[in-house]
Amino acid sequence: MKELIHRLGFPRLIILIFLICLLALAVYLKISLSDLVTDMLVRFGMNAILVLAMVPGIQAGIGINFNLPLGIICGLIGALISIEFKLTGFLGLFVSILIAVPLASIGGYLYGKMLNTIRGQEMTVGNYIGYSIVSFMCIFWLLAPFKSPELIWAYGGNGLRVTVSLESSMAHVLNNFLAFNIGRVTIPTGLLLFFALLAFIVWIYSQTNKGLSMKVAGSNEKFAISNGIDVDKQRIKGTIMSTVLAAIGIIVYSQSFGFLQLYNAPLYSAMPAAAAILIGGASLKRANIVHVIIGTLLFQSLLVVALPVINVISEGSMSEVIRVIVSNGIILYALTREGGKAA
Amino acid sequence: MIVPIIFLIICIVGSFFTGLPFSFLFDEMVIRLARNLVLVTSLILPVITGLGLNFAITLGAMAGQIALIIIANYSIGGIKGFLLSILISTPFAILFGYLVGKVLNKAKGKEMITSMVLGFFANGIYQLIFLLFCGTIIPIKNESLLLSTGVGIVNTIDLANIKYSLDKLIPITKYPIATLLVSVVLFIFLHFFLKTKLGQDMRAVGHDMEIARVSGINVERTRIISVVISTLLAAWGQIIFLQNIGTLNTYGSHEQVGLFAVASLLVGGATVEKASWKEALIGTFLFHLLFVISPLAGQNLLGNAQIGEYFRVFVAYGVIGLSLVLHAWEKSKSKTKLGEIKE
């Protein structure tokens, strides 16, 4: 038993037990399990790429990338431009990604450059740089020269809408791609395949020479230098990858959610992603695809199951409270571990 | 001193465009200084002790609000109610400060990000207690404090009972003389406190933890005491703040406390390692001047008040981000210089 707890890790054990209790309650309260599983799969696919964005950052040694909003903003701009040109369906999705990726690469490059001058304070600084960018972009959303009636307020009011509906453009294109039912559970095949594709690319990359040197630079700087690895360059590379993944991640998230959320919505977006990968067993220095999958599945399942169960037994805002406590609790746990051991 | 000068210029130019009469601005600034100074001052000791900016003063603010809710429950008003709430908040603040100090001792080198996440985490617990436990586990006498369901505290609590109880204690002018006096006394206390053995220990720990340890200072204990005092001042500061505002936003009043206090201190020219009452005073003045004028300046300059609103949020985040970047940058530069000398 002790062995099992040790291998599983204390936080994962607690969350697993909590999840099982909630599931049992859900069965007892006669909440449809197949609906829950469908939701779990969708929520997993929606969030997994944003969580995946944490991996290159941690591997390259910049820790948790609290500046995820940077990539998210790039993704939002991509999606907005594609809607402005009235692109729909898969074309809209791919054009969004096509516009977002170079933007995110430039942003990630500049941010990575900056991170190299502030070693050791990446997380605190990243957090506030992220907040600054989000609040600066609030002004941009107000002034941006978009014309499409989908994007701006119908009458009166300045600037872009707070939430932009994607119903007439690219809502659910990935979710519905090759989707099929098992019993009453719907499998969002396209969504899961797309995540699998990106995860596969990240995994393959980490197996190549270049990926390995990035990992070495992240885990042991001195050793990396003595092996002739340019640590600064590797860190920039990790930051760019993380930012690009965040940009793609928000586009996939939004098409599944059905809305683009502008203004202050991206402010705290790094928190759930950070929490998910840490729940999956990553630490501030070590992360891989398995952590992403386990973490996102556990964290999102918890949220999906908690919502209806708690709605029945108590106030509606309780599931939000649980989300806040669990996600910040796990980040806190990881931050206070000696030498960045696994959470 | 470059930061306060830049802000002074922005403020002067901005106030030119608002067209507000000087007397209005002066009154507004006196009131804002009175209600914010104690909160901003609460940040100084952790900076001196080397913990950086203590974003976890949110917990202090919560302690203050807990006391105010208890006061409201028994409908105690006037200066008696005010003093009683100060008294009640004290044990809570000391307990919270002790816990924060314990956690931050486990996260040396990452104190700022940890204190921030700790603030979010505590906010979750706070919501759990006041949304779910109040009215069920914790009995509430005053039913007007409870939501219509009988569980959970209402979103806004009217503090009319203790409104202006400190501000108008010395009713000589229309200005809050007593509150300003409290701030001055606090500054003097802080000045002499830093000359005591404990104050000197804090400086030593802030300067170099290892040297302090070798010279026989109990580093962990000193850091905890510093955080406890900070949290305590934040609790009292929040009560002073809210007796001026007059309404307690149960789930929101504490959220921005850390952000605005930290931004104020930094605008005054403080850094992560250096802060005193002067920076607190200058910074609070400049930051709140900007706060007052930016919506109007935005309205008059760009024809949109919302731009000004977003601009001041951007300034709050941006000034924190920028000063963290500059500080970390200078630190890493001086580190490499030291490294070169050693070789």
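Above this note sits the structure.
This one's a predicted model, so the numbers in the text were calculated from it and none came from an experiment. Residues take numbers from 1 onward in each chain, read along the sequence in its written order. The lettering of chains begins at A and the numbering of ligands begins at 1, in the order of writing. It should be noted that, the model being predicted, local features are given only for residues of pLDDT at least 70 and side-chain atom pairs only at 80 or more, the latter also being counted only at that level, while totals for whole chains, interfaces and linings use all residues.

Colleague: Can you help me understand the overall build of chain A in this one?
Modeller: When its secondary structure is counted, chain A shows 15 helices and four strands. Overall, chain A is about 60 × 55 × 35 Å in size when its C-alpha atoms are taken along their principal axes. Exposure classification rests on a simple neighbour count of other C-beta atoms within 10 Å of a residue's own: a residue reaching 20 or more is buried, one at 12 or fewer is exposed, and one in between is partly exposed. C-beta atoms are placed from the backbone. Burial status across chain A gives 53% buried among its 343 residues. Long-range contacts, defined here as pairs at least 24 residues apart, represent 75% of the contacts in chain A between residues at least 6 apart. Going along the chain from the N terminus, every DSSP run of H or I of four or more residues is numbered as a helix, and every run of E of two or more is numbered as a strand. In this description, a residue-residue contact is defined by the distance between C-beta atoms placed from the backbone, which must lie within 7 Å.

Colleague: Would you explain the environment of T117 of chain A in this entry?
Modeller: Its place among the elements puts T117 of chain A in helix α6 (residues 89-117). Remark: the alpha-carbon pair of T117 of chain A and G45 of chain A, spanning 72 residues in sequence, is separated by 35 Å. Apart from residues lying up to four places away in sequence, T117 of chain A is in contact with W329 and S332 of chain B.

Colleague: Help me understand the nonpolar core in this model?
Modeller: For soluble globular proteins, nonpolar side chains are generally found buried alongside one another. The nonpolar core criterion groups buried Ala, Val, Leu, Ile, Met, Phe, Trp, Tyr and Cys residues into a set whenever they are joined through C-beta atoms within 7 Å. If you look at the biggest cluster of nonpolar residues, it comprises 224 residues, and the most contacted ones within it are L52 and A247 of chain A. Once residues within four sequence positions are removed from consideration, A247 of chain A is found in contact with G71, I72, C74, G75, G78, A100, V101 and A104 of chain A.

Colleague: Quick question: what am I supposed to make of the interface of chain A and chain B here?
Modeller: Interfaces are frequently sized by the accessible area removed from exposure as the parts join. Contact residues are listed per partner, giving 33 residues for chain A and 38 residues for chain B. Contributions of two or more residues to the side of chain A that touches chain B are made by α6, α7 (122-143) and α15 (318-335) of chain A. In terms of residue count, the dominant contributor to the side of chain A that touches chain B is α7 of chain A (13 residues). Side-chain classes follow a simple rule in which Ala, Val, Leu, Ile, Met, Phe, Trp, Tyr, Cys and Pro form the nonpolar group, Asp, Glu, Lys and Arg form the charged group, and the remainder, Gly included, forms the polar group. The class makeup of the residues in the side of chain A that touches chain B is 18 nonpolar, 13 polar and two charged.

Colleague: How do you make sense of unusual backbone geometry when you look at a structure like this?
Modeller: If a residue is not glycine, its phi is most likely negative; likewise, a peptide bond is most likely trans. A positive phi angle is found at K86 of chain A, which is not glycine, with a value near 60°. Inspection of the secondary structure assignment puts K86 of chain A in the loop between α5 (68-84) and α6. Take K86 of chain A: there are 11 C-beta atoms within 10 Å of it, and that puts it in the exposed class. Backbone geometry places S75 of chain B, a non-glycine residue, at a positive phi of 50°. Considering the arrangement of structural elements, one finds S75 of chain B in the loop between α4 (57-73) and α5 (78-105). The class for S75 of chain B is exposed, based on 12 C-beta atoms found within 10 Å.

Colleague: Is there a simple way to explain α7 of chain A in this structure?
Modeller: Each full turn of the α-helix corresponds to 3.6 residues, which orients residues three or four apart in the same direction. Look at α7 of chain A: 31 Å from first C-alpha to last across 22 residues, which is about the 32 Å you get at 1.5 Å a residue. Counting buried positions along α7 of chain A yields 19 of 22 residues, so the element is predominantly enclosed. Multiplying one less than the number of residues by 1.5 Å gives the expected span of a helix.

Colleague: Looking at this model, I keep getting lost on the packing of α4 of chain B against helix α11 (residues 257-267) of chain B. Mind explaining?
Modeller: Residues and elements named next belong to chain B. Interaxial angle, 0 to 180 degrees, is taken between N-to-C directions of lines fitted to C-alpha atoms, where a helix line uses only the stretch in contact. For the pair α4 and α11, the least separation of the axes is 8 Å and the interaxial angle reads 125°. Here α4 is positioned oblique relative to α11, judged by the angle of their axes. For the element pair α4 and α11, the recorded crossing hand is right-handed. Of α11, the residues touching α4 (which contributes I57, T58 and A61) are V257, G258 and A261. Within the contact of α4 with α11, the residues separate by chemical class into four nonpolar, two polar and no charged. Angular relationships are summarised with four words: roughly parallel below 35 degrees, roughly antiparallel beyond 145, roughly perpendicular across 65 to 115, and oblique for the angles in between. When the near helix sits turned anticlockwise from the far one by under a right angle, the crossing is termed left-handed; a clockwise turn instead gives a right-handed crossing.

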